[in-house]
Amino acid sequence: MAFCIRYYNFTQSDIVTDFLGFVEIEKATADILKNIFIKFLEQSKLNSKNLMGIGTDGASNLCGRNHSLFTLLKESVLNVVLVKCICYSLNLCAAKACKELPSTLEFLIRESRNWFSHSSLRQITYQSLFAALYDGKKPPKLVQLSTTRWLA
């Protein structure tokens, strides 16, 4: 089970998303997930009453209508909001946003990586050009784009 937090940081005057940690679970019933969730919040010194929402995939043990992590949390935190299928939702948002971009942009990004990945001479040229432009820093690795748009 992965835990992230989103909050307003007054010092930065911005909304911050931060990774809190993982908890390995053997059984994923709604009751066990709730106990692990509450215990993790207590260990992190976070008050569960300040919880505003949870983001999950669409599994029934997390967000089902009758007996799920969300329904159990809703009993103690009345105003908690559920953001279901968050990865799929992000994928849909990214796909829709990419329709507004010219198709040549995605082609350019994909083919740039392919151009450099098959030639060591091109990679050396890229490294020396990057070092000249950015005060001797090493260039970031050109990774292959994922076919799933939200991962890219």
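Bear in mind that the values here come from a model prediction, so they are computed numbers and not experimental data.

J.: Before we go on, may I ask you to explain the pairing of strand β1 (residues 2–9) in this structure?
T.: Within a regular beta strand, the side chains point alternately toward one face of the sheet and then the other, so they alternate between its two faces. Strand direction decides the pairing type here: β1 and strand β2 (residues 14–22), joined by eight bridges, are antiparallel. Each residue of the ladder has a partner; that of C4, found in β2, is F19. Linking β1 back to β2 in an antiparallel pair, the connection comprises four residues, with S13 at a positive phi of about 50°.

J.: Any chance you could explain the side chain of T71 here in plain terms?
T.: Along the chain, the position of T71 falls in helix α3 (residues 69–76). Within polar-contact distance, the side chain of T71 engages the backbone nitrogen of S68 at 2.8 Å. Among all residues touching T71, those that are not within four sequence positions of it are G64, R65 and N66.

J.: Hey, could you run me through the environment of L142 in this one?
T.: Relative to the helices and strands, L142 is located in the segment after α6 (120–133). Along the sequence, L142 and E111 sit 31 residues apart, while their C-alpha atoms lie 11 Å from each other. Aside from chain neighbours lying at most four places away, what touches L142 is S112, R113, F116 and Y126.

J.: In this structure, what is going on with the packing of aromatic side chains? I would like to understand it.
T.: The geometry of an aromatic ring pair is captured by two quantities: the separation of the ring centres and the angle between the planes. Using the criterion set out here, one finds seven aromatic pairs in the structure. Judged by centre distance (5.0 Å) and plane angle (80°), the ring pair of Y8 and F10 falls under edge-to-face. Take F10: its relative accessible area is 70%, and that puts it in the exposed class. Counting every residue linked through ring pairs, the aromatic cluster contains F116, Y126, F130 and Y134. Here the guanidinium or amino end of R122 rests over the ring plane of W115, the centre of that ring lying 3.6 Å away.

J.: Mind showing me how you'd approach the environment of Y8 here?
T.: Tracing the sequence through the fold places Y8 in strand β1. The spatial distance from the C-alpha of Y8 to the C-alpha of S44 is 17 Å, given a sequence separation of 36 residues. Those residues in contact with Y8 that sit more than four places away from it in its chain are S13, D14 and I15.

J.: I'm lost on the packing of helix α1 (residues 30–43) against α3 in this one. Help?
T.: The description of two packed helices rests on the angle between their axes and on the distance between the axes. At their nearest, the axes of α1 and α3 sit 8 Å apart, and the two run at 55° to each other. On the basis of the axis angle, α1 is oblique to α3. You can see that α1 and α3 cross each other, and the crossing is right-handed. Packed against α1, whose contacting residues are A30, D31, L33, K34, F37 and I38, the element α3 presents L69, L72 and L73 at the interface. Grouping the amino acids of the contact of α1 with α3 by side-chain chemistry returns seven nonpolar, no polar and two charged.

J.: Even after reading the chapter, I still don't get α3, so can you show me in this structure?
T.: Given 3.6 residues to a turn, an α-helix orients residues that are three or four positions apart in the same direction. Listed as buried for α3 are L69, F70, T71, L72 and L73. The elements touched by buried residues of α3 are α1, β3 (53–56), α2 (60–63) and β4 (81–84).

J.: Please explain unusual backbone geometry as it appears in this structure.
T.: Glycine aside, negative phi is the norm for most residues, and most peptide bonds take the trans geometry. One non-glycine residue, K45, lies in positive phi territory at about 60°. Within the secondary structure layout, K45 lies in the loop between α1 and β3.

J.: So what exactly am I meant to see when it comes to a nonpolar patch on the surface here?
T.: A cluster of nonpolar side chains, contributed by L101, L105, L108 and I109, occupies part of the molecular surface with about 350 Å² of accessible area. Assignment of secondary structure puts L101 in the loop between α4 (86–100) and α5 (103–117).

Conventions and cut-offs
- Residue numbers restart at each chain and count upward from 1, following the sequence in its written direction.
- Local features in this predicted model are restricted to residues of pLDDT 70 or higher, and side-chain atom pairs are both shown and tallied only at a pLDDT of 80 or more, whereas totals for entire chains, interfaces and linings draw on every residue.
- Side-chain metrics in this entry use all non-hydrogen atoms of the structure; hydrogen atoms and water are not considered.
- Note on pairing: two strands pair once DSSP finds at least 2 bridges between them.
- Strands are runs of DSSP state E lasting at least 2 residues, helices are runs of H or I lasting at least 4, and numbering of each runs from the N terminus.
- Pairs of N or O atoms are called polar contacts if they sit within 3.5 Å, as long as, within protein, a hydrogen donor faces a hydrogen acceptor (for residues adjacent in sequence, only side-chain-to-side-chain pairs).
- Contacts are residue-level and defined by heavy atoms, with any inter-residue pair within 4.5 Å sufficient.
- Pairing of aromatic side chains here covers Phe, Tyr and the six-membered ring of Trp, requires ring centres within 6.5 Å, and sorts the geometry by plane angle: under 30 degrees stacked, over 60 edge-to-face, intermediate tilted.
- Think of it in three bands: residues with accessible area under 20% of the maximum for their type are buried, residues over 50% are exposed, and the middle band is partly exposed, with areas taken using a 1.4 Å probe on protein chains only.
- The criterion is that NZ of a Lys, or CZ of an Arg, lies within 6 Å of the ring centre and within 35 degrees of the ring normal, and then a charge sits over that ring.
- Note on definitions: angles span 0 to 180 degrees between N-to-C directions of axes, and those axes are lines fitted to C-alpha atoms, for helices only across the stretch in contact.
- Note on angle classes: values under 35 degrees are labelled roughly parallel, values over 145 roughly antiparallel, values of 65 to 115 roughly perpendicular, and the remainder oblique.
- Crossing chirality is assigned from the near helix's rotation relative to the far helix, an anticlockwise turn below a right angle marking it left-handed and a clockwise turn marking it right-handed.
- Any residue that is not Ala, Val, Leu, Ile, Met, Phe, Trp, Tyr, Cys, Pro, Asp, Glu, Lys or Arg is counted as polar, Gly included; the first ten are nonpolar and the last four charged.
- Patch definition: residues with relative accessible area over 30% and no salt bridge; like charges joined within 9 Å; nonpolar side chains (Val, Leu, Ile, Met, Phe, Trp, Tyr) joined within 5 Å.
- The accessible surface values rely on the Shrake-Rupley method and a 1.4 Å probe; as for residues, cover is taken only from the protein chains in view.
- Salt bridge, as applied in this entry: a Lys or Arg side-chain nitrogen positioned within 4 Å of an Asp or Glu carboxyl oxygen.

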